[in-house]
Amino acid sequence: MLAIIGGSGLTTLSNLDVSHREVVRTPYGEPSGALVIGQISGQPVMFLPRHGYGHTIPPHMVNYLANIWALHDHGATGVISVASVGAIRADLKPGDIVLPHQIMDYTWGRRSTFFDGGNTPVTHIDFTEPYDMALYTRIAAAAEAAGIEAKRGAVYAATQGPRLETAAEVNRLERDGADVVGMTGMPEAALAREIGLPYAAINVVANHAAGRGSSAQGIHFETLEPVLQEAMGRVRTIIEHLVCSQSRQQPAETAEGC
Ligand code: HPA
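Below is a short write-up of the structure. Keep in mind that what you see is a predicted model, and the values were worked out from it rather than measured. (Residues numbered from 1 in each chain as written. Predicted model: local features only at pLDDT ≥ 70, side-chain atom pairs only at ≥ 80, totals over all residues. Heavy atoms only, no water.)

### Side note on the packing of helix α1 (residues 64–73) against helix α4 (residues 188–195)
Piece 1. The N-to-C vectors of α1 and α4 enclose an angle of 40°; their axes lie 10 Å apart at closest approach. Taken as axis vectors, α1 and α4 run oblique relative to one another. The interaxial crossing formed by α1 with α4 has right-handed handedness. Contacts between α1 and α4 involve Tyr 64, Leu 65, Ile 68, Trp 69 and His 72 on the former and, on the latter, Glu 188, Leu 191, Ala 192 and Ile 195.
Piece 2. Here the contact of α1 with α4 is built from residues that sort into seven nonpolar, one polar and one charged. (Axes fitted to C-alpha atoms, helices over the stretch in contact; angles between N-to-C directions. Helix = DSSP H or I, 4+ residues; strand = E, 2+ residues; numbered from the N terminus. Parallel < 35°, antiparallel > 145°, perpendicular 65-115°, else oblique. Left-handed = near helix turned anticlockwise from the far one by under 90°. Contact = heavy atoms within 4.5 Å. Nonpolar A, V, L, I, M, F, W, Y, C, P; charged D, E, K, R; others polar.)

Here you go:
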């Protein structure tokens, strides 16, 4: 079953026909909220809002271990992370949808591994390609089929937050090779890899990064909401197409609604 982790701007999946909600406890504590399980176009999909249903959990306080563990334990076979970002690369602007292919991690102090000693042997996952490229390709194909532009390839910088960056920090991120900046991509992606869950991301540009373009004088999140909401509508359509393309690989009777 496909799982969607929704970030800022996507606290519900309005096209999800909900069958039930499950409150999950994990060995790592509580996930951000109950898992919402239902169907999109007749196909099973699971949803979890990363920041909680009231959008009250800041990026550094998200229980990433519990979230990933809960999705895996409840039958997720792949995870799509939806997250808003600031644009560093000059050709990106608010409202753009971007499919990142690489990550740089600037977070600190977050619990970031399932393999932290105890009874588990020392384990070093391969993270050369942090996203599952098969899932990435399916997202890109779904966007294309839906006629929605999704820019392929970006280096995602994960910062600690919850404050936004300084202009100088954004300049440094650019020198490092980052194209977009967000606060939640790590350790989420690494934990998914550790547990063996294919994971890919859809980023929605909410703003120019600090000191750039329309954010030259500052970032005012309140004014970005309409752009984010409109873009999240396009993200929902991409997800619908992806789910339908999956159903077409199965017997016709399960593809009902696509
Ligand atoms: N920086 C970090 N995270 C973000 C931003 C940003 O500019 N925009 C949305 N999430």
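### A few points about the nonpolar core
Piece 1. Membership of the largest hydrophobic core comes to 37 residues, with the highest contact counts inside it found for Leu 35, Met 46, Ile 68, Leu 71, Val 79, Tyr 156 and Leu 197.
Piece 2. Of all elements in the fold, only β1 (2–6), β3 (35–40), β4 (43–49), α1, β5 (78–87), β9 (155–158), α4 and β11 (199–208) reach the threshold of two or more residues within this core.
Piece 3. In this view, Ile 68 contacts Ile 5, Phe 114, Glu 188, Leu 191, Ala 192, Ile 195 and Leu 197; residues no more than four positions away in its chain are not counted.
Piece 4. Among the nonpolar cores identified, the runner-up in size contains 33 residues, and Val 36, Ile 40, Phe 47 and Ile 238 belong to it. (Core = buried A, V, L, I, M, F, W, Y, C linked by side-chain atoms within 4.5 Å. Buried < 20%, exposed > 50% of the residue type's maximum accessible area, 1.4 Å probe, protein only.)

### A short note on helix α2 (residues 133–146)
Because an α-helix completes one turn every 3.6 residues, residues spaced three or four positions apart along the sequence face the same direction.
Piece 1. The terminal C-alpha atoms of α2, which comprises 14 residues, lie 20 Å apart, in line with the 20 Å expected from a rise of 1.5 Å per residue.
Piece 2. Taken together, the buried positions of α2 are occupied by Leu 135, Tyr 136, Ile 139, Ala 140, Ala 142 and Ala 143. What you see down the axis of α2 is that its buried residues fit within an arc of 160°, all on one side. Projecting away from the buried face of α2 at angles above 90 degrees are the exposed residues Ala 134, Glu 144 and Ala 145.
Piece 3. For α2, the elements touching its buried residues are β5, β6 (97–99), β8 (151–152), β11 and α5 (225–248).
Piece 4. Where α2 starts, the residue carrying a side-chain oxygen 3.3 Å from the main-chain nitrogen of Ala 134 turns out to be Asp 132.
Piece 5. Two residues or fewer after α2 comes Gly 147, characterised by a positive phi angle close to 70°. (Expected span 1.5 Å × (residues − 1). Arc of directions from axis to C-beta. Polar contact = N/O pair within 3.5 Å; in protein donor to acceptor, adjacent residues only side chain to side chain.)

### Thoughts on the site of the ligand
Piece 1. Residues in contact with the ligand, as listed here, are Ser 84, Val 85, Gly 86, Leu 164, Glu 165, Val 181, Gly 182, Met 183, Asn 207 and Phe 221.
Piece 2. Note that a nitrogen atom of the ligand is positioned 3.3 Å from one of the backbone N or O atoms of Gly 86.
Piece 3. In the environment of the ligand, a nitrogen atom lies 2.7 Å from a nitrogen or oxygen atom belonging to the side chain of Glu 165.
Piece 4. In isolation the ligand exposes 260 Å². Once the protein is present, 96% of that is buried.
Piece 5. One can see that the ligand is located within the largest pocket.
Piece 6. Residue assignment for the shell around the ligand shows that the elements contributing at least two residues are β5 and β10 (180–182).
Piece 7. Among the elements that make up the shell around the ligand, the one with the highest residue count is β5 (three residues).
Piece 8. Classifying every residue of the shell around the ligand by side-chain character gives five nonpolar, four polar and one charged. (Near = heavy atom within 4 Å. Areas by Shrake-Rupley, 256 points an atom, 1.4 Å probe, with all protein chains shown as cover. 1 Å grid on protein atoms, 1.4 Å probe; cavity = no way out; pocket = protein on both sides within 12 Å on 5 of 7 lines; lining within 4 Å. Sits in = over half its atoms within 2 Å of the grid points.)

### Regarding the packing of aromatic side chains
Piece 1. Evaluated as defined, the whole model comprises two aromatic pairs.
Piece 2. With centroids separated by 5.1 Å and ring planes inclined at 65°, the aromatic side chains of Tyr 28 and Phe 114 adopt a geometry described as edge-to-face. With Tyr 28 in the loop between β2 (17–22) and β3 and Phe 114 in the loop between β7 (102–105) and α2, this residue pair connects regions lying 86 residues apart in the sequence.
Piece 3. The class of Phe 114 is buried, set by a relative accessible area of 10%.
Piece 4. A ring pair is formed by Tyr 131 and Tyr 199, whose centres lie 6.2 Å apart and whose planes are at 10°; its orientation type is stacked. (Phe/Tyr/Trp six-rings, centres within 6.5 Å; stacked < 30°, edge-to-face > 60°.)

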